[in-house]
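Residue strings, one per chain:
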Amino acid sequence: MRILLFIIPFVIGCLLALSNYMISNYFYKKKPDSYVVASVLRQIISVSYLVLLYLISMKLKLNISFVLIGGALGVTLPSFFLTARLLSNKKDKKEDKNG
């Protein structure tokens, strides 16, 4: 049971990290001048998710530690790889302009 309390929020967090990447990628490609909006929007999504996990685990009397750690890792770990991918796309785009 405890492993599910970790895995389910982790998987949902990974999906949110992917959606955050897609938001960042959209703003970078379509509206680079307002990229700050993407950063704020991503933070709102991530923090709202963690608050929601906390409230759900309190309401259902679940082990808060497993739920929050799973959710936090789900949102954070994929972000490292997706941010590197976003930055490599940015570098490729600059090289295309200069090349």
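Residues numbered from 1 in each chain as written. Predicted model: local features only at pLDDT ≥ 70, side-chain atom pairs only at ≥ 80, totals over all residues. Heavy atoms only, no water.

**Side note on the overall build of the protein**
Next up, step 1: Looking only at helices and strands, the protein has three helices and zero strands in total.
Next up, step 2: Ordered by position from the N terminus, the helices and strands of the protein form the series α-α-α.
Next up, step 3: A burial count over the protein gives 24% of its 99 residues as buried.
Next up, step 4: Surface summary for the protein: the accessible area is close to 7000 Å², and the carbon and sulfur share equals 70%. (Helix = DSSP H or I, 4+ residues; strand = E, 2+ residues; numbered from the N terminus. Buried < 20%, exposed > 50% of the residue type's maximum accessible area, 1.4 Å probe, protein only. Areas by Shrake-Rupley, 256 points an atom, 1.4 Å probe, with all protein chains shown as cover.)

**Overview of the nonpolar core**
Next up, step 1: Formed by Leu5, Tyr49, Leu53, Val67 and Val75, the largest nonpolar core amounts to five residues.
Next up, step 2: The set of elements that each furnish at least two residues to this core consists of α2 (35-59) and α3 (64-98).
Next up, step 3: In contact with valine 67, other than residues within four places in its own chain, are Leu5, Pro9, Leu53, Ser57 and Leu62. (Core = buried A, V, L, I, M, F, W, Y, C linked by side-chain atoms within 4.5 Å. Contact = heavy atoms within 4.5 Å.)

**Some thoughts on the packing of helix α1 (residues 2-30) against α2**
Next up, step 1: Close contact between α1 and α2 brings their axes to 9 Å; oriented N to C, the two are set at 170°. Judged by the inter-axis angle, α1 sits roughly antiparallel to α2. By crossing handedness, the relation of α1 to α2 is classed as right-handed. Side by side, α1 and α2 meet where Pro9, Ile12, Gly13, Leu16, Asn20, Ile23, Ser24, Phe27 and Tyr28 of the first sit next to Tyr35, Val37, Ala38, Leu41, Arg42, Ile45, Ser46, Tyr49 and Leu53 of the second.
Next up, step 2: Tallied by class, residues from the contact of α1 with α2 come to 13 nonpolar, four polar and one charged. (Axes fitted to C-alpha atoms, helices over the stretch in contact; angles between N-to-C directions. Parallel < 35°, antiparallel > 145°, perpendicular 65-115°, else oblique. Left-handed = near helix turned anticlockwise from the far one by under 90°. Nonpolar A, V, L, I, M, F, W, Y, C, P; charged D, E, K, R; others polar.)

**Section: unusual backbone geometry**
Next up, step 1: Positive phi is not limited to glycine here, since lysine 61 has a value of about 55°.
Next up, step 2: Along the chain, lysine 61 turns up in the loop between α2 and α3.
Next up, step 3: When its relative accessible area of 74% is taken as the criterion, lysine 61 is described as exposed.

**Brief notes about the side chain of serine 46**
Next up, step 1: With respect to the element layout, serine 46 can be found in helix α2.
Next up, step 2: If we ignore the near neighbours within four places in the chain, the residues touching serine 46 are Asn20 and Val75.

**Quick look at the packing of aromatic side chains**
Next up, step 1: Under the criterion given, the structure shown has two aromatic pairs.
Next up, step 2: On the numbers, 6.0 Å between centres and 10° between planes, the contact of phenylalanine 6 with phenylalanine 10 is stacked. Of this pair, phenylalanine 6 and phenylalanine 10 both sit in helix α1, four residues apart, roughly one helical turn.
Next up, step 3: Accessibility expressed as a relative area gives 25% for phenylalanine 6, which makes it partly exposed.
Next up, step 4: Assessed through its relative accessible area of 25%, phenylalanine 10 is described here as partly exposed.
Next up, step 5: Taking the centre distance of 5.6 Å and the plane angle of 85° together, the rings of tyrosine 26 and phenylalanine 27 count as edge-to-face.
Next up, step 6: Look at tyrosine 26 and you get partly exposed, because its relative accessible area is 41%. (Phe/Tyr/Trp six-rings, centres within 6.5 Å; stacked < 30°, edge-to-face > 60°.)

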